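Reading the structure
Okay, here's what each chain looks like letter by letter:
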Amino acid sequence: KERNRLEIENSVIDARDQENRKYLDNIAEGLVLIDRDYRISEQYSRYVETLFATSEIAGRSFAEFIYPDPSDQQLRDELEQFLGMIFENTSTEMEMIMSINPLSEKKVTVGAGDDRREIIFGTNFQRVMGDDGSVERVMAIFEDRTDIVHTQEELESERERYKSDIEHIATLLKTGPDAYSD
């Protein structure tokens, strides 16, 4: 009887896991869960693999995942300090903590060889609370902003060119037709 009950419970858990995996495989945002040791759990969206051009995600230190270059140790330490604030300062509003988010807009190079490319992403963090009111995990939500930032840069360039053209036209209008005849 007990074995049948456990088999039914396991079937229900497996069905939930499969359902969650479907969502994580099809969502167009990068989601990772970070444990209290700042390691990425097995639960993450497949979009993270696409965004960061790697399938080596689960079990890695979050800071080393973002900053794989060993020379970036100071940046790793700052990121872990930020994560520590999210985990430990539960009385502080997330909005205030997010105001110092070191990954609000980050430019990194991902991939290798011919697949090497630069991406710009923003990261939002959410606490996953336990029943006792403590933070069990932190969810990092990645948004690819590469195209948005490049479009903004192009718009700014166009704006500057337009401003320069207007200044030239204004100068020509001020000099009048006599300047042309000379």
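Every chain is numbered on its own, with residues counted from 1 as its sequence reads. Reporting in this predicted model follows two pLDDT cut-offs: at least 70 for local features of residues, and 80 or more for side-chain atom pairs to be given and counted; totals over whole chains, interfaces and linings ignore these cut-offs and use all residues. Only hydrogens and water are set aside when side-chain values are computed; all heavy atoms of the structure are taken into account.

Okay, helix α4 (residues 73-88) next. With 16 residues, α4 should cover 22 Å at 1.5 Å per step; its first-to-last C-alpha distance of 22 Å lies within 8% of that length. The buried label goes to any residue with under 20% of its type's maximum accessible area, the exposed label to any with over 50%, and the partly exposed label to all in between, with areas taken from a 1.4 Å probe on protein chains only. A helix here means a DSSP run of H or I that spans at least four residues, while a strand means a run of E at least two residues long, and both kinds are numbered starting from the N terminus. All of the buried residues in α4 are Arg76, Leu79, Phe82, Leu83, Gly84, Ile86 and Phe87. Next to the buried residues of α4 lie β1 (30-34), α3 (62-66), α5 (94-98), β4 (117-129) and β5 (135-144). Given the number of residues in a helix, its expected span is that number minus one, multiplied by 1.5 Å. Here, two residues are considered to be in contact whenever any of their heavy atoms come within 4.5 Å of each other.

On to the pattern of salt bridges. Every case where a carboxyl oxygen of Asp or Glu lies within 4 Å of a side-chain nitrogen of Lys or Arg is listed as a salt bridge. A full pass over the atoms with the stated rule returns 11 salt bridges. Notably, a salt bridge pairs glutamate 2 with arginine 5, separated by 2.5 Å at the nearest N-O pair. Separated by three residues within a single helix, glutamate 2 and arginine 5 lie in helix α1 (residues 2-26), roughly one turn from each other. By relative accessible area, arginine 5 is classed as partly exposed at 38%. Residues arginine 161 and glutamate 158 are paired through a salt bridge, measuring 2.7 Å at the closest nitrogen-oxygen approach. A residue pair is termed a helical-turn pair when its members lie 3 or 4 positions apart in one helix, as arginine 161 and glutamate 158 do in helix α6 (residues 146-175) at three residues. Overall, arginine 161 belongs to the partly exposed group, its relative accessible area being 48%. Owing to a relative accessible area of 42%, glutamate 158 belongs among the partly exposed residues under this scheme. Taken together, the salt bridges that share partners define one network made up of Glu2, Arg5 and Glu9.

Right, let's get into the nonpolar core. Val32, Phe52, Phe62, Ile66, Phe125 and Phe142 are the most contacted members of the largest nonpolar core, which has 31 residues in total. For this core, the element with the highest residue contribution is α4, accounting for five residues. Filtering out sequence-adjacent residues up to four positions away, phenylalanine 142 remains in contact with Glu29, Gly30, Val32, Val48, Leu51, Phe52, Phe62, Ile66, Phe121, Gly122 and Thr123. Definition of nonpolar core: a set of buried residues of the types Ala, Val, Leu, Ile, Met, Phe, Trp, Tyr and Cys, connected through side-chain atoms within 4.5 Å.

What follows is about the packing of aromatic side chains. Any two rings among Phe, Tyr and Trp, with Trp reduced to its six-membered ring, count as a pair given centres within 6.5 Å; such a pair is stacked if its planes are under 30 degrees apart, edge-to-face if over 60, and tilted if neither. Throughout the structure, instances matching the rule amount to eight aromatic pairs. Seen from their ring centres, phenylalanine 52 and phenylalanine 65 are 4.8 Å apart, and the 55° between their planes marks the pair as tilted. Placement of the pair is phenylalanine 52 in helix α2 (residues 46-52) and phenylalanine 65 in helix α3, with a sequence separation of 13 residues. Exposure remark for phenylalanine 52: the relative accessible area of 8% places this residue in the buried category.

Another aspect to go through is the pairing of strand β2 (residues 40-44). Relative to β2, β1 runs antiparallel, the two being bridged by two bridges. Bridge pairing in β2 places isoleucine 34 opposite isoleucine 40. Only strands that DSSP links by at least two bridges are regarded as paired with each other. The antiparallel pairing of β1 with β2 creates a hairpin that spans five residues between the two strands, and tyrosine 38 there sits at a positive phi of about 65°.

Moving on: the confidence of the model for the protein. Summary of the metric used: pLDDT quantifies the predictor's per-residue confidence within the range 0 to 100. Averaged over all residues, the pLDDT of the protein is 85; the fraction at 70 or higher stands at 90%. Looking at the elements of the protein, mean pLDDT is at its lowest for helix α7 (residues 177-181), recorded as 64, and at its highest for α4, recorded as 94.

Sheet strands pair via backbone hydrogen bonds, and the direction of the pair is either parallel or antiparallel. Sheet architecture is open: five strands sit in the order β2-β1-β5-β4-β3, paired in antiparallel fashion. Taken across any chain shown, the strands that pair with only one partner, and hence form the sheet edges, are β2 and β3 (106-110). Taking each pair of neighbouring strands and ignoring which way they run, the sheet shows an average axis angle of 40°. Lying over the sheet, α4 contacts β1, β4 and β5, oriented at roughly 130° with respect to β5. To obtain each axis, a line is fitted to C-alpha atoms, and for helices this fit is confined to the stretch in contact; angles are then taken between N-to-C directions over 0 to 180 degrees. Running at roughly 125° to β4, α6 makes contact with β4 and β5 of the sheet.

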